[in-house]
Amino acid sequence: MATTRNLLSTVQVARFVAQGFLRLDGIVPRELNEEAPDVFAAGLPTVPYGTPVQKAFPEGSFARRLLELPEVAGAVQSLVGSDPTVDHHHVHTREPHEGSAQPLHADALIDLRTDAFDVQLMYYPQAVTADMGGTLIVPGSHLRRTNESDTGRYQNLRGQTRLTCPAGTVVLLHHGIWHGGRRNDSDRVRHMYKIRFNPTEPQVNLWDTKDIHDPAVAEELRRTFPWYEPAAGRLEVHNRIKLWRRLSDDPDFDIDYWATRITNRPVQRRSA
């Protein structure tokens, strides 16, 4: 991918680690948004799993121009590095008054990685209004490991969000986030273009780290969400601490001593 300095801040990355997603509202220019429906109608080229971005999307292609927008390129580089591979890409289209909603799910098989994650880019070329359905996301669910649609029996969780957004919005999601496409009750077609990226380098300090010691970083990471249970919900914060230690290369990072107290291993001192 093209080199960019439009990197995310540490606070933004901490927000991603806490919530499991990051919104970039209306950043895609109108010309690309207007071009998108014809590109989608013509069909997307097949991209084998694990193809480098430059090979997957040739120079001048729609996807390449989307990914080279400075805000998009900077955000992707901040989360998965400068040379990720493309896991897959797909256009999700909902016709007017079409069908039922997707069940709540996390993508792919259960994923137990604690030191790496994939990122899914979701691009909405048109404005999405409430009656168009949009994408349902459960903030802070990404580190509670589930296997695909194991969460499908849940219909509503406190604090869930259903995306409404201006045209040209891009949302970046941790691969483990619980989400689902809602049904389209409007008279308009709804498109969402998804690209999943696999990192090829350690995801350590890939963003603009000049605010690494900002107190707002810890405030983002200690955030809780309405669906969290009083006890198990605290484990989500602990999981973030472990992930942040890896991402920031700071093995001593902690919030309220949670991780330190349970990893303490006293060593017996020898007598002089």
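Treat the numbers as computed from the prediction; the structure is a model and nothing was measured.

Here is what the cut-offs are and how they apply
- Sequence order sets the numbering: in each chain, residues are counted from 1 along the sequence as written.
- Totals for whole chains, interfaces and linings use every residue, but because this is a predicted model, local features are given only for residues with pLDDT of at least 70 and side-chain atom pairs only at 80 or more, for both listing and counting.
- Water and hydrogen atoms were dropped before computing side-chain values, which therefore reflect all heavy atoms in the structure.
- Counting from the N terminus, the helices are DSSP H or I runs at least four residues long and the strands are E runs at least two residues long.
- Both definitions apply: the radius of gyration is a C-alpha atom measure, and the globule rule equals 2.2 Å times residues to the power 0.38.
- Throughout, a contact is declared for two residues whenever any of their heavy atoms are within 4.5 Å.
- In short, Shrake-Rupley with a 1.4 Å probe defines the accessible areas, and a residue's cover is counted only from the protein chains shown.
- Centres within 6.5 Å make a pair out of two Phe, Tyr or Trp rings, where for Trp the six-membered ring is used; the pair is then stacked when the planes are under 30 degrees apart, edge-to-face when over 60, and tilted otherwise.
- Relative accessibility decides the category of a residue: with a 1.4 Å probe and only protein chains considered, values under 20% of the type maximum give buried, values over 50% give exposed, and everything between is partly exposed.
- Salt bridges are defined as contacts in which a side-chain nitrogen from Lys or Arg sits within 4 Å of a carboxyl oxygen from Asp or Glu.
- Residues grouped as a nonpolar core are buried Ala, Val, Leu, Ile, Met, Phe, Trp, Tyr and Cys residues, joined through side-chain atoms within 4.5 Å.
- We define a polar contact as two N or O atoms separated by no more than 3.5 Å, with the added condition that, inside protein, one atom must be a possible hydrogen donor and the other a possible acceptor, whereas residues neighbouring each other in sequence contribute only through side-chain atom pairs.
- Pairing between two strands requires that DSSP report at least two bridges joining them.

Colleague: Explain the overall build of the protein chain to me, please; I cannot follow it from the model alone.
Modeller: Regarding its fold elements, the protein chain presents eight helices and nine strands. Against the 2.2 N^0.38 benchmark of 19 Å for 272 residues, the protein chain shows a C-alpha radius of gyration of 20 Å, consistent with a compact globule. Once the C-alpha set of the protein chain is aligned to its principal axes, its extents read approximately 80 × 40 × 30 Å. A fraction of 87% describes how many contacts in the protein chain between residues 6 or more apart in sequence connect residues 24 or more apart. For the protein chain, the exposed surface amounts to about 13400 Å²; the carbon and sulfur share of it is 50%.

Colleague: Teacher, can you tell me more about the packing of aromatic side chains here?
Modeller: In this description, an aromatic ring pair is defined by two values, namely the gap between the centres and the angle between the planes. For the coordinates displayed, the defined rule picks out nine aromatic pairs. Residues F16 and F117 carry aromatic rings whose centres are separated by 5.7 Å and whose planes lie at 35 degrees to one another, so their mutual orientation is tilted. Here F16 is found in helix α1 (residues 10–19), whereas its partner F117 is found in the loop between β3 (85–94) and β4 (119–124), with 101 residues between them in sequence. Taken together, a centroid distance of 5.3 Å and an interplanar angle of 40 degrees make the contact between W178 and W227 tilted. Placement of the pair is W178 in the loop between β7 (169–174) and β8 (179–181) and W227 in the loop between α6 (215–221) and α7 (232–247), with a sequence separation of 49 residues. Given the relative accessible area of 4%, W178 is considered buried. Aromatic rings pair up to connect F40, F62, Y123 and Y193 into one cluster.

Colleague: Got a minute to help me understand the pattern of salt bridges in this structure?
Modeller: For side chains of opposite charge, pairing can occur when their charged atoms come near one another. A complete count under the given rule lists 18 salt bridges for this structure. The salt bridge partner of D185 is R183, with a shortest N-O separation of 3.2 Å. Judged by relative accessible area, which is 39%, D185 ranks as partly exposed. By relative accessible area, which is 44% here, R183 ends up partly exposed. Three or more residues are tied together by salt bridges with common partners; here these are D111, R113, D118 and R196.

Colleague: Looking at this structure, I do not really get the nonpolar core. What am I missing?
Modeller: A general trend in soluble globular proteins is that nonpolar side chains are found buried together. Grouped together as the largest cluster of nonpolar side chains are 51 residues, with contacts concentrated most on F57, L121, Y123, V170, L172, Y193 and W244. Non-local contacts of F57, meaning those with residues more than four positions away in its chain, are made with V47, A63, R64, L67, V86, H89, Y193 and I195. If you look at the next biggest cluster of nonpolar residues, it comprises 12 residues, including M132, L163, V171 and L173.

Colleague: How do you make sense of the side chain of K194 when you look at a structure like this?
Modeller: Mapped onto the fold, K194 is located in strand β9 (residues 190–198). What makes K194 buried here is its relative accessible area of 8%. Reaching out from K194, the side chain makes a polar contact with the side chain of D107 at a distance of 3.4 Å. Leave out the neighbours within four places in its chain, and K194 touches H88, H89, H90, H92, D107, Q120, L121 and M122.

Colleague: What is the right way to look at the environment of T51 in this model?
Modeller: With respect to the helices and strands, T51 occurs in strand β2 (residues 51–52). Distance from T51 to C165, taken between C-alpha atoms, is 30 Å for residues 114 residues apart in sequence. Here T51 is in contact with A56, T85 and V86, once residues within four sequence places are set aside.

Colleague: Sorry if this is basic, but what is going on with the sheet that holds β8 here?
Modeller: By way of backbone hydrogen bonds, the strands of a sheet pair with one another, either parallel or antiparallel. Here three strands make up an open sheet; going across it, the order is β6-β5-β8 and the pairing antiparallel. With partners counted over all chains shown, the strands left at the sheet margins are β6 (161–162) and β8, one partner each. Of the strand pairs in this sheet, strand β5 (residues 135–137) and β8 are connected by three bridges, and their pairing is antiparallel. In the strand pairing of β8, L136 is matched with G180.

Colleague: Explain the pairing of β7 to me, please; I cannot follow it from the model alone.
Modeller: Side chains on a regular strand alternate between the two faces of the sheet. Within β7, six of the six residues are buried, leaving the element largely enclosed by the surrounding structure. Along β7, one buried face is formed by T169, V171 and L173 and the opposite face, lined by V170, L172 and H174, is buried too. Two strands pair when backbone bridges link them, and strand β1 (residues 21–24) and β7 are joined in this way by four bridges, in the antiparallel orientation. Its bridge partner lying in β7, F21 is registered against L173. Pairing between β4 and β7: six bridges, direction antiparallel. By the bridge assignment, V119 is partnered in β7 with H174.

Colleague: For this particular structure, what's the right way to read unusual backbone geometry?
Modeller: With the exception of glycine, the majority of residues adopt a negative phi angle, and the majority of peptide bonds are in the trans configuration. Despite not being glycine, D249 has its phi angle at roughly 55 degrees, a positive value. If you trace the backbone, D249 turns up in the loop between α7 and α8 (258–263). Residue Y257 is not a glycine yet carries a positive backbone phi of 70 degrees. As for its placement among the helices and strands, Y257 is situated in the loop between α7 and α8.

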